[in-house]
Amino acid sequence: MKILDAHMHLGEDCVFDEVQTEQDILETTEKYGVAGGIIQPFIPRMYVRDTMEIHDRIWAMCRAHPGRFHGMMSMNPHFSPEDYEAEADRCMRKLGFVGIKITPIAHAAHPGKKDCLFACEMARKHNVPVMIHTGAGVPFADPMQMVKAVEAFPDVRFVIAHGGTDNMCSSAIYLASKYDNVFVEPSWLAIHNLEGMYHRLGASKMMFSSDMCVNLPVELCKYNLVFQKEEDREQVFHRALETVFAIGG
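Thresholds applied
In every chain, residue numbers begin from 1 and rise along the written sequence. Only residues with pLDDT of at least 70 get local features here, since the model is predicted, and only at 80 or more are side-chain atom pairs given and counted; chain-wide, interface and lining totals rely on the full set of residues. Excluded from the side-chain calculations are hydrogens and water; all other atoms, namely the structure's heavy atoms, are used. Strands here mean DSSP runs of E at least two residues long; helices mean DSSP runs of H or I at least four residues long; both are numbered from the N terminus. Radius of gyration: C-alpha atoms only; globule rule: 2.2 Å multiplied by the number of residues to the exponent 0.38. Only protein chains enter the accessibility calculation, which uses a 1.4 Å probe; a residue is then buried when its area is under 20% of its type maximum, exposed when over 50%, and partly exposed in between. As used in this record, nonpolar core signifies buried Ala, Val, Leu, Ile, Met, Phe, Trp, Tyr and Cys residues forming a set joined through side-chain atoms within 4.5 Å. In what follows, residue pairs with any heavy atoms lying within 4.5 Å of each other are defined as contacts. In this analysis, axes come from line fits to C-alpha atoms, helices being fitted only over the stretch in contact, and the angle between any two N-to-C directions falls in the range 0 to 180 degrees. Here the angle decides the label: under 35 degrees means roughly parallel, over 145 means roughly antiparallel, 65 to 115 means roughly perpendicular, and every other value means oblique. Here a crossing is called left-handed whenever its near helix is offset anticlockwise from the far helix by less than a right angle, and right-handed whenever the offset is clockwise. Any residue outside Ala, Val, Leu, Ile, Met, Phe, Trp, Tyr, Cys, Pro, Asp, Glu, Lys and Arg is labelled polar, Gly included; the first ten of those are nonpolar and the last four are charged. We call two strands paired when DSSP finds no fewer than two bridges between them. To estimate the expected span of a helix, subtract one from its residue number and multiply by 1.5 Å. Bending is quantified residue by residue as the angle between axes fitted to the seven-residue window ending at that residue and the seven-residue window starting at it. A clockwise course of the path from the first strand over the helix to the second, judged with the strands pointing away from the viewer, identifies a crossover as right-handed. For Phe, Tyr and Trp, rings pair up if their centres lie within 6.5 Å, where Trp contributes its six-membered ring, and each pair is then called stacked (planes under 30 degrees apart), edge-to-face (over 60) or tilted (otherwise). Throughout this description, the term charge over a ring refers to an Arg CZ or Lys NZ atom that lies within 6 Å of the ring centre and within 35 degrees of the ring normal. Only residues above 30% relative accessible area that lack a salt bridge enter a patch, with like-charged residues linked at up to 9 Å and the nonpolar side chains Val, Leu, Ile, Met, Phe, Trp and Tyr linked at up to 5 Å. Here the Shrake-Rupley method, with its probe set to 1.4 Å, supplies the accessible areas, and only the displayed protein chains count as covering residues. We define a salt bridge as a contact between a side-chain nitrogen of Lys or Arg and a carboxyl oxygen of Asp or Glu at a distance within 4 Å.

J.: So what exactly am I meant to see when it comes to the overall build of the protein here?
T.: Each helix and strand counted, the protein has ten helices and nine strands in total. For 249 residues, the compact-globule formula gives about 18 Å, and the C-alpha radius of gyration of the protein, at 16 Å, lands near that figure. For the protein, the spread of C-alpha atoms along the principal axes amounts to about 45 × 40 × 35 Å. Sorting the 249 residues of the protein into buried and exposed places 59% on the buried side.

J.: Help me out: how do you make sense of the nonpolar core in this one?
T.: It is characteristic of soluble globular proteins that their nonpolar side chains tend to be buried jointly. Ranked by internal contacts, the top residues of the largest apolar core, which has 66 residues, are Met73, Phe158 and Met197. Apart from the residues within four sequence positions on either side, Met73 is in contact with His55, Tyr84, Glu87, Ala88, Cys91, Met92, Phe97, Gly99, Ile100 and Lys101. Residues Leu4, Ile38, Val98 and Val244 belong to the second largest nonpolar core, which totals 14 residues.

J.: Sorry if this is basic, but what is going on with the packing of helix α8 (residues 191-201) against helix α9 (residues 216-226) here?
T.: With their axes 10 Å apart at the nearest point, α8 and α9 run at an angle of 45 degrees to one another. By the angle between their directions, the pair α8 and α9 is classed as oblique. Seen along the crossing, α8 lies across α9 with a hand that is right-handed. For the pair formed by α8 and α9, the contact residues are Ile191, Leu194, Glu195 and Tyr198 on the first element and Lys222, Tyr223, Leu225 and Val226 on the second. Classifying every residue of the contact of α8 with α9 gives six nonpolar, no polar and two charged.

J.: Looking at this structure, I do not really get the sheet that holds strand β1 (residues 4-12). What am I missing?
T.: Remark on secondary structure: sheet strands pair via backbone hydrogen bonds, oriented parallel or antiparallel. Taken in spatial order, the four strands make up an open sheet running β2-β1-β3-β4, and their pairing is mixed. Looking at the sheet topology across the chains shown, the edges are occupied by β2 (19-20) and β4 (69-71). One ladder, built from five bridges, connects β1 with strand β3 (residues 36-41); its direction is parallel. Within β3, the position partnered with Leu10 by the bridge is Pro41.

J.: How should I be thinking about helix α7 (residues 165-178) in this particular structure?
T.: Side chains three or four residues apart in an α-helix point the same way, a direct result of the helix having 3.6 residues per turn. Here α7 contains 14 residues, and its C-alpha end-to-end distance of 19 Å stays within 8% of the 20 Å for a straight helix at 1.5 Å per residue. At Ser171, α7 is deflected by roughly 30 degrees, the largest bend along its length. Within α7, the full set of buried residues consists of Thr165, Met168, Cys169, Ser171, Ala172, Ile173, Leu175 and Ala176. As for α7, its buried residues are in contact with α6 (147-152), β8 (158-161), β9 (182-185) and α8.

J.: Help me understand the pairing of β3 in this model?
T.: For a regular strand, side-chain orientation follows a simple rule: the groups alternate between the two sheet faces. By the criterion of burial, β3 is predominantly enclosed, with six of the six residues buried. As defined by bridge partners, β3 adjoins β4 across three bridges and the pair is classed as parallel. From the neighbouring strand, Ile39 faces β4, where its bridge partner is Gly71. You can see the chain leave β3, run along helix α2 (residues 48-64) and come back into β4, and the turn it takes is right-handed.

J.: Where do I start with the packing of aromatic side chains in this structure?
T.: To describe a pair of aromatic rings, one takes the distance between the centres and the angle between the planes. Counting across every chain of the model gives six aromatic pairs. If you follow Lys205 out to its NZ or CZ, it ends over the ring of Phe183, 5.3 Å from the centre.

J.: It is not clear to me how a nonpolar patch on the surface should be interpreted in this structure. Could you clarify?
T.: Together, Val15, Phe16, Met46 and Ile105 make up a nonpolar patch on the protein surface, roughly 310 Å² of accessible area in all. You can see Phe16 is positioned in the loop between β1 and β2. Using a relative accessible area of 43% as the deciding quantity, one classes Phe16 as partly exposed.

J.: Sorry, what's going on with the environment of Arg63 here?
T.: Counting through the fold element by element, Arg63 comes out in helix α2. Its relative accessible area of 55% is what places Arg63 among the exposed residues. Between the C-alpha atom of Arg63 and that of Gly96, which follows or precedes it by 33 residues, the distance is 9.8 Å.

Written out as C-alpha cells, the structure reads:
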C-alpha cells in the first residue's frame, strides 16, 4: 500500500520553537513505510529573505528525491501583494511547488479577509490548492472562518488542516460535506473523531497526514484501525492527495 503524507514540516519554527530536519523526515518516512508527500515550511522569521530561504531548502530536498516529495509555499499573507505574488510565481513556476499554506495562528491572518483572499487568488492563478491551519488559534482558525474564501473561489481546492481539531471537527465535516472544493487532513484528531469524520464524509474527502515526525506512527495506527476497506485505504493513503495536489498516480 502506497502511503503519502499531506502535511510535513521542514525548518525551524520561530513561533513554536519546533525544529524538523531533512534527516528527521527521511528517517521517519523510511522507518514507517511512507513513500513521500507534501513538505511545507515551519514558520520562519517574518522577512521575505527568510521565507525564500526555507522555500529553497524545501526545493533542494524535493530535487534530491524526485517524485517522492513535493513542496508547499507558506508565506505570511500580510507581506505586500507584490512580494507575495513574486514569491508565489517563483515557488510554483521555478520550484515546482504544488500548494499554498495559510496558518492563521502564526500569520495573524483571518482566512476571509483581503490578504488571505489574495493568497487564494494566487492559488487560482497557479491552479494549486490552499491548505489552511484550523484548531489552535481561534477565532481565526475556526474552520467556519474559511467560508468566505471557499465560496469566493469555488474553482480553488481547499484543505482543512487538522480537521478543526477535536473541538471543531464538526465544522470541518460540515464544510467538506457542503462544498465540493473542500477536503480534510485530520492530523491530531482523536480516533473517535477520525472515525466519526469517516462515517459522515466517506474516504473521498479525507487524506492521511502527520504534521510532525513524532506523530506519524500514531496517525498510521489510527488510520489502520479506522479504515478497513481496501478501496478506502487507498483513497485516504494516497489517491486523495494525488488528486487534490495534482501530483499524479
